[in-house]
Amino acid sequence: MTELRTLKVALLGCGNVGAQVARILLDDADMLASRSGARLELVGIAVRNTDTPRDVELPRELFTTDAGALVKDADLVIELMGGIEPARSLILAAMRNGACVVTGNKALVAKDGPTLHEEADKAGVQLSYEAAVAGAIPILRPIRDSLSGDRITRVLGIVNGTTNFILDQMDSTGAQFADALAEAQRLGYAEADPTADVEGHDAASKAAILASLSFHTRFSLDDVYCEGISSVTAADIAAAKDAGFVIKLLAIAEKLTAAGGETGTETDAAGTTGVSVRVHPTLLPREHPLAAVRGAFNAVFIEAENAGELMFYGQGAGGKPTASAVMGDLVSAARSIVLGGPGRAETTTGKVSALPITAAATSYYIGLDVADQPGVLAKIARLFADHGVSIEIMRQTTHRDADSNIESAELRIVTHRASEAALAATVEAAKGLDVINSVTSVLRVEGV
Ligand code: NAP
């Protein structure tokens, strides 16, 4: 048997994910060699503090604080430090030295993907980041490779486990947001500072990456409209439930015409088509496949012209699950070196533009507190019709305030697909209508 060549692997970071990657590299060396066609030798692990106890037992001599020196002499570099710097400079230096890079750093890829890809192309090396979106779930490679002969029209993703856990708690127990968040923190699903998760920033990074690969155009974080879940109330959840919906924080990337309809064309030189990339709380019918995604799990639902509907489901975070995605990228990168080339990475021939949120088209759920008197429904229906928003479902419940004895009614409306601009104008006009006391909620609906 011919002797396998050895590839030097440098690991940057040994936290939740990095420690598991190091363990797999050491424990499963023979398996990895047979899968990749080369022996993968872990030559060093860069950390901030070499004395910090690690989740797994690893040889002390592998640890260093000099990440810069480590990447200089590696064939493969795995970046699992997180943050923008020094991760960005180290990745660029590694690629300039001819190393293939694997990273799980969604913040960096979403912010500065074009620079990283340009450098990878220039150096002729592979840059991969399967772990950056939805942890263990193989989603980027299927989009990039398996669906490269199809046209993706829409991607809907539950890509943040923390917010899915919180919304699921609110849905199943009736808890308010603050209580569900406290429970998520107690169980370790949410960080002490939960801002990046609950305000949708983490999901927005993943939305930019999903949109870029799905529509063959580089989108950055700036192209993503983002709303988090901190303003979703127990009343919103209860009303949605009552109407047969569940509320999920979705990362959405979909192809639209400038007027708001969908299109089948890949590009439009006249600029009449584009991609809406957005993150916001969304009502989904309870029978939609994504509605069944409970707890901290992730899932990505894809619609493609020929494949139809596809769903990818699994653990979106955690050391071992995320390490699985990293190892897949590493074996693929090692194979590319053994075979003598980086292979085809992402393509950017789509050249579609990112549309503003006002161009998005979806159905809406609107809650209204209205006066309980004759003619109210007709007035409201006319107001919606005047703004070109057609109503699919309208339900009224009445209640009497025990203190004031004033009777009022709550109206719940689900619209047909309408443009965000038309909806915004309708809501604005509704606030001025004499029979409407207040607009209690406005939420977007998908999957109807
Ligand atoms: P983590 O537990 O915070 O670990 C970070 C590691 O990087 C630590 O070992 C730290 O060293 C090291 N490090 C940080 N800054 C450094 C610097 N300037 N120089 C040298 N070493 C440095 O992070 P993680 O949860 O493993 O996440 C790693 C990456 O994977 C992030 O980009 C994250 O977004 C991504 N990711 C994580 C998950 C997940 O479930 N955790 C899922 C998907 C993607 P010390 O240990 O000495 O402090």
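Our structure is the block above this text.
Computed from a predicted structure; not experimentally measured.

A. Representation of the packing of aromatic side chains within the structure. Under the defined criterion, the tally for this structure stands at 2 aromatic pairs. Between Phe165 and Tyr189, the ring centres sit 4.6 Å apart and the planes meet at 40°, which makes this aromatic pair tilted. Of this pair, Phe165 sits in helix H7 (residues 161–173) while Tyr189 sits in the loop between helix H8 (177–186) and helix H9 (195–198), and the two are 24 residues apart along the sequence. Classification of Phe165 by relative accessible area gives buried; the value is 9%. For the ring pair Phe297 and Tyr313, a centre distance of 5.2 Å and an interplane angle of 5° mean the geometry is stacked. Of the two residues, Phe297 is situated in strand S11 (residues 297–304) and Tyr313 in strand S12 (residues 308–315); the sequence distance between them amounts to 16 residues.

B. Representation of the nonpolar core. Val21, Leu25, Ile45, Leu76 and Ile139 are the most contacted members of the largest nonpolar core, which totals 115 residues. The element that contributes the greatest number of residues to this core is helix H12 (residues 319–339), accounting for 9 residues. Look past the residues within four positions of Ile45 in its chain and what remains in contact with it is Leu11, Gly13, Cys14, Ala22, Leu58, Leu62, Phe63, Thr64 and Leu70. Listed in part, the 20 residues of the second largest apolar core include Tyr364, Ile366, Leu368 and Ala422.

C. Highlighting helix H1 (residues 16–27). Between the first and last C-alpha of H1 there are 17 Å, a value that for 12 residues agrees with the 16 Å anticipated at 1.5 Å per step. Val17, Gly18, Ala19, Gln20, Val21, Ala22, Ile24 and Leu25 are the residues of H1 that are buried. Here the buried face of H1 lies against strand S1 (5–12), helix H2 (29–36), strand S2 (38–46), strand S4 (76–79) and H12.

Cut-offs and rules
- Residues numbered from 1 in each chain as written.
- Predicted model: local features only at pLDDT ≥ 70, side-chain atom pairs only at ≥ 80, totals over all residues.
- Heavy atoms only, no water.
- Phe/Tyr/Trp six-rings, centres within 6.5 Å; stacked < 30°, edge-to-face > 60°.
- Helix = DSSP H or I, 4+ residues; strand = E, 2+ residues; numbered from the N terminus.
- Buried < 20%, exposed > 50% of the residue type's maximum accessible area, 1.4 Å probe, protein only.
- Core = buried A, V, L, I, M, F, W, Y, C linked by side-chain atoms within 4.5 Å.
- Contact = heavy atoms within 4.5 Å.
- Expected span 1.5 Å × (residues − 1).

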